[in-house]
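# Chains, contacts and geometry: an overview
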Amino acid sequence: MSILGNRVLRKEDPRFLRGEGRYVENLPLAGAASVTFVRSLLAHARIAGVDTSAAAALPNVQIFTGADIDIGPFGPPPFPGLDQGMGRPLVAKDTVRFVGDIVAIVVSDDRATGVDAAELVLVDYDPLTVVVRPEDAAKDETLLFPDSGTNVAARSGSPEHDEKLFDGCDAVVSGTLLSQRMAPCPLEPRSAAAEVGADGRITAWLSTQTPHQDRMVLAGTLGLDPTDVRVVAPDVGGGFGAKMINPEEILIVWLARKLGRPMRWTETRSESMVALPHGRAEKLDFTIGGTKDGKVLAYRLEALQDSGAYPGLGAFLPNLTALMSSGVYDIPTIEFEGKSVATNTTPISAFRGAGRPEASQAIERALDAFAAEIGMDPGEVRRKNFIAKDAFPHTTVTHAAYDSGDYEGALDLALRSAGYDDLRAEQKQRREQGGAKQLGIGISCYVEITNGINETEFGEVEITEDGGAIVRTGSFSHGQGHETTFAMIAAERLGLPVEKVTVHKGDTDEIAKGTGTYGSKSTQIGGMAARVAADEVVEQAKKLVGDYLETSPADIVLDTALGKLHVAGAPSRALSWAELATRATADERLGELKAEHEFTAPPTFPFGAHIAVVEVDTETAKVELLRLVAVDDAGTLINPLIAEGQVHGGVATGVAQALYEQVVYDDDGNPMTSTFVGYAFPSAADLPSWEAVEMETPTPNNALGAKGIGESGTIGSTPAVHNAVIDALAPYGVRHVDMPANGENVWRALQEAKA
Ligand code: MCN
């Protein structure tokens, strides 16, 4: 029986539960200096001068300003259409562009002195006009990068509008939705340390998702050969898309080389809230039209992406929104126009879902608005427009090539599990009774893209002296449980118990290549690379066993149930992995039991349906999420326990966007939510237990049949909860509530509807 599909407990958990995780912050690094960044307190200003004299007078303190930095600006990434003139000086020289921009660096023996010194660095600012709102930035009245001549960093889709797009529609509805700015909030803030070895090679320990890519960026920025850079990512306490290399990590390495002394830095929570890139921040204007019996004929989506002060990956995200704008529906015509602008705020980057939640939020709101307009049940409208189960592979009008799916099946399962008809009956009863506490039921059907740009991942499998195996992966796990699932994948192919397989990751000296973890692509490419490498090891083993048993390798078979290689038809002429490893070690042939593979595949498209039930107190505007039923289909599951955990965490993020979290700036660009006191990051006590319902529709794109699951819960849940709140308020004439749909926004919506 295969280990795959079993609820194997996470191999990494005993380490974490005993407090034995090793993070950058607790790595011993003798003689390391402490680095403190002095950050701008103004959102937009010219730097007239930086007086470091008082700070430098403290014992054993060194200060660096923009003038001392001899390496070029950071980013933007070389994506097509992204303005390359909007790079970020690692330390601001002339201009600061957001509260949190680095203006000086303090190097000290200890952290406390560093903080004292940082407070003594006096920056003379000449304030400039601050642009916080992307709508204002788009007017190009105040430019963040005057040389670019515009704040528009990137465009996507087409600005052309077909005046006849909605001709033939019985009903046309428009709406606006802000997918508000979110802070990623990894519980382990960013941390970096660096040391130059006696051989001149640099080692950087980073709290990152992408060690191999970081090595390339470090080498490229610092003018080093990549082989002279080693990046080690030890245990990492969450990243959620945001923990990819940034100026801080580059500066830590630059300082270690410059001063010939180990350096370390760990950001504080409030520093993390302003300096770690944020996510979302996409304003979506939709128009949807169709027939009165529910068939959608046309859809237009306009996205205005706030890219923050230094447009990078965030400016590219509307491309993903465009690609996925059709959702699970067969919509004959779609128009998309995206614009990404620079503003005086923290830069935007990837955050769990990155561009795809925005697409789902828009189409799922639009579908509900359309259903309300024609007076049809929102589930029924969806049913009329699904891409049919037998239509796969299916390419949407936005050129997304969906691999496999059963969207109606997912909705049916979700509605059944939720007891939809009973919920509607209870809602009707409450409405008739007219009490303050009204019920809202929200539906969201989603499809998302994982491994969106056909990436390649590296995997290596090696048999160890004791007959176990090591899997080396170029992927990285910072909460996703790869130490368990990748071990399961290799164990299944080798016929070894999962306990005998150890997964190594995150050290660029040990692992030849890698891309890291983002876009929920690890299993389908990294897991597959490990699988293929394991198969190649089996082939090598057959050769070796053939030699030892004096038989042709073609006659050797692996009995995966027993973990033995034997002569076909003669099971007693066998060697177990342990016996084989012992003999191969003695003969110095163990190295033959090792193989590597780089696996590439097209994207896969996980999908699902979420049903949210909320209670809204129409007198106090309090919103309570009562239930969330989540059907998330990620193809064949490797480990349903881990997949469920991923959905669980993902749903928490998605619900938090619907109900709680929002990064807020005042008009001067001051962050108003830079601690967990002001930023409404929910705890377990704020959230109900989710009802996760399994569904598995394999992808034909890899032999595991696996799609990604890491972001699904986030993408599916936000629109379900958002729709539920609006549904609860429908009898009051409410057609829209801003996210987060918290008491304040619900109260406003009720007041506006009354007015
Ligand atoms: N899995 C499975 N069966 C499948 C698909 C996945 O059993 N069909 C398992 C995998 O083997 C893996 C886990 O589920 O152990 C997630 O796998 P996958 O969907 O391939 O996604 P990645 O490993 O590439 O994770 C990335 C994804 C992203 S993009 C964000 S953001 C995110 C997330 O994972 N950030 C996280 N989950 C997170 N979880 C934690 N704890 N912390 C974060 O920062």
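Scroll up to find the structure this text is about.
Structural notes, computed from the coordinates.

### A word on the sheet that holds strand 22 (residues 556-559)
- Pairing is antiparallel across the open sheet formed by three strands, whose spatial order is 22-23-24. What marks the edges here is a single partner per strand, and that holds for strand 22 and strand 24 (570-576). For this sheet the average axis-to-axis angle between neighbouring strands, irrespective of direction, equals 35 degrees.
- Across four bridges, strand 23 (residues 564-567) lies against strand 24 in antiparallel orientation. From the neighbouring strand, Leu565 faces strand 24, where its bridge partner is Leu575.

### Remarks on the side chain of Thr208
- Within the fold, Thr208 resides in the loop between strand 10 (202-206) and helix 5 (211-222).
- The exposure class of Thr208 is buried, given its relative accessible area of 2%.
- One polar contact links Thr208 to Asp214, side chain to side chain, over a distance of 2.6 Å.
- What Thr208 contacts, discounting residues up to four positions off in sequence, is Asp214, Ala233, Val236, Lys243, Met244 and Phe476.

### Description of the site of the ligand
- Near the ligand, the surroundings consist of 31 residues, among which Gln480, His482, Ser522, Gln646 and Ile709 are the closest.
- Between the ligand and the protein, one listed contact pairs an oxygen atom with a backbone N or O atom of Gln480 at 2.6 Å.
- Within the backbone of Asn639, a nitrogen or oxygen atom sits 3.0 Å from an oxygen atom of the ligand.
- Here the ligand has 840 Å² of accessible area as a free molecule, and 95% of this is covered by the chains.
- For the shell around the ligand, the secondary-structure elements that each account for two or more residues are helix 14 (482-494), helix 15 (522-548) and helix 17 (640-659).
- Of the residues that constitute the shell around the ligand, the class distribution is eight nonpolar, 19 polar and four charged.

### Concerning unusual backbone geometry
- Of note, the amide linkage connecting Gly75 to Pro76 takes the cis form, showing an omega dihedral of -10 degrees.
- The omega torsion across Met739 and Pro740 is -5 degrees, close enough to zero to call that bond cis.
- Inspection of the secondary structure assignment puts Pro740 in the loop between helix 18 (712-729) and helix 19 (743-754).
- A positive phi angle, close to 75 degrees, is found at His399, a residue other than glycine.
- One can find His399 in the loop between strand 16 (394-395) and strand 17 (401-402).
- Judged by its relative accessible area of 66%, His399 is exposed.
- The phi angle at Ser520 is positive, at roughly 45 degrees, despite the residue not being glycine.
- Using a relative accessible area of 16% as the deciding quantity, one classes Ser520 as buried.

### Details of the nonpolar core
- With 56 residues, the main nonpolar core has Ile288, Tyr299, Tyr402, Tyr407 and Ile611 as its most contacted residues.
- Of all the elements, helix 10 (residues 356-374) adds the most residues to this core, at nine residues.

### Examining the pattern of salt bridges
- One pass over the full model with this rule turns up 55 salt bridges.
- Between Glu380 and Arg383 there is a salt bridge, and its shortest N-O distance comes to 3.8 Å. Of this pair, Glu380 and Arg383 both sit in helix 11 (residues 378-385), separated by three residues, roughly a single helical turn.
- Take Arg383: its relative accessible area is 25%, and that puts it in the partly exposed class.
- Each member of the salt-bridge network shares a partner with another, and the members are Arg133, Glu135, Asp136, Lys139, Lys283 and Asp285.

### So, the sheet that holds strand 7 (residues 152-157)
- Strands sit in the order 7-15-14-13-8 across an open sheet of five strands; the sheet is mixed. One side of each edge strand has no neighbouring strand; the edge strands of this open sheet are strand 7 and strand 8 (171-179). Neighbour-to-neighbour, the strand axes of this sheet turn through a mean angle of 10 degrees, independent of strand direction.
- Sheet topology note: the strand 7/strand 15 (residues 333-341) ladder contains five bridges and is antiparallel. By the bridge assignment, Ser156 is partnered in strand 15 with Gly338.

### Focus: the packing of aromatic side chains
- Considering all chains together, one arrives at eleven aromatic pairs under this definition.
- With a centroid separation of 4.7 Å and an interplanar angle of 15 degrees, the aromatic rings of Phe676 and Phe681 are classed as stacked.
- Its relative accessible area of 33% is what places Phe676 among the partly exposed residues.
- Given the relative accessible area of 32%, Phe681 is considered partly exposed.
- Cluster of aromatic residues (ring-pair linked, three or more members): Phe392, Tyr402, Tyr407, Phe605 and Phe607.
- Above the face of the Phe16 ring, Arg15 is positioned so that its terminal group lies 4.8 Å from the ring centre.
- Over the aromatic face of Tyr518 sits the side chain of Lys521, whose NZ or CZ is 4.3 Å from the ring centroid.

### Comments concerning the packing of helix 10 against helix 11
- Packing of helix 10 against helix 11 brings their axes to within 9 Å, and their N-to-C directions diverge by 110 degrees. Overall, the two elements helix 10 and helix 11 adopt an arrangement that is roughly perpendicular. Classified by chirality, the crossing of helix 11 by helix 10 is right-handed. Along the contact surface, helix 10 presents Glu364, Leu367, Asp368, Phe370, Ala371 and Ile374, while helix 11 presents Pro378, Val381 and Arg382.
- Along the lines of polarity and charge, the residues of the contact of helix 10 with helix 11 split into six nonpolar, no polar and three charged.

### Points about helix 12 (residues 407-418)
- Counted at 1.5 Å a residue, the expected span for helix 12 with its twelve residues is 16 Å, and the 17 Å between its end C-alpha atoms agrees.
- Taken as a whole, helix 12 has its buried residues at Tyr407, Gly409, Ala410, Leu411, Leu413, Ala414, Leu415 and Ala418.
- The N-cap of helix 12, judged by a side-chain oxygen 2.9 Å from the amide nitrogen of Gly409 a few residues on, is Asp406.
- In the stretch just after helix 12, Gly419 is the one whose phi turns positive, near 70 degrees.

### A few points about helix 16 (residues 577-586)
- Here helix 16 has its buried residues at Trp577, Leu580, Ala581 and Ala584. Along the long axis of helix 16, the arc covered by the buried residues comes to 100 degrees, so they all point the same way.
- Glu588, located one to two residues past helix 16, shows a positive phi value of around 55 degrees.

### Here we look at the environment of Glu25
- Here Glu25 lies in the loop between helix 1 (13-17) and strand 1 (33-39).
- In sequence terms Glu25 and Glu188 are 163 residues apart; their C-alpha atoms lie 9.4 Å from each other.
- Looking at Glu25, its side chain comes within polar contact range of the side chain of Thr266, at 2.5 Å.

### Here we look at the environment of Glu364
- You can see Glu364 is positioned in helix 10.
- Between the C-alpha atoms of Glu364 and Ser444, which are 80 residues apart in sequence, the distance is 6.1 Å.
- Those residues in contact with Glu364, other than ones at most four positions away along the chain, are Tyr329, Arg382, Ile443, Ser444, Cys445, Pro719 and Asn723.
- For Glu364, the side chain forms a polar contact with the main-chain nitrogen of Cys445, separated by 2.8 Å.

Reading guide: rules and limits
- Residues numbered from 1 in each chain as written.
- Predicted model: local features only at pLDDT ≥ 70, side-chain atom pairs only at ≥ 80, totals over all residues.
- Heavy atoms only, no water.
- Pairing = 2+ DSSP bridges.
- Helix = DSSP H or I, 4+ residues; strand = E, 2+ residues; numbered from the N terminus.
- Axes fitted to C-alpha atoms, helices over the stretch in contact; angles between N-to-C directions.
- Buried < 20%, exposed > 50% of the residue type's maximum accessible area, 1.4 Å probe, protein only.
- Polar contact = N/O pair within 3.5 Å; in protein donor to acceptor, adjacent residues only side chain to side chain.
- Contact = heavy atoms within 4.5 Å.
- Near = heavy atom within 4 Å.
- Areas by Shrake-Rupley, 256 points an atom, 1.4 Å probe, with all protein chains shown as cover.
- Nonpolar A, V, L, I, M, F, W, Y, C, P; charged D, E, K, R; others polar.
- Core = buried A, V, L, I, M, F, W, Y, C linked by side-chain atoms within 4.5 Å.
- Salt bridge = Lys/Arg side-chain N within 4 Å of Asp/Glu carboxyl O.
- Phe/Tyr/Trp six-rings, centres within 6.5 Å; stacked < 30°, edge-to-face > 60°.
- Lys NZ or Arg CZ within 6 Å of the ring centre and 35° of its normal.
- Parallel < 35°, antiparallel > 145°, perpendicular 65-115°, else oblique.
- Left-handed = near helix turned anticlockwise from the far one by under 90°.
- Expected span 1.5 Å × (residues − 1).
- Arc of directions from axis to C-beta.

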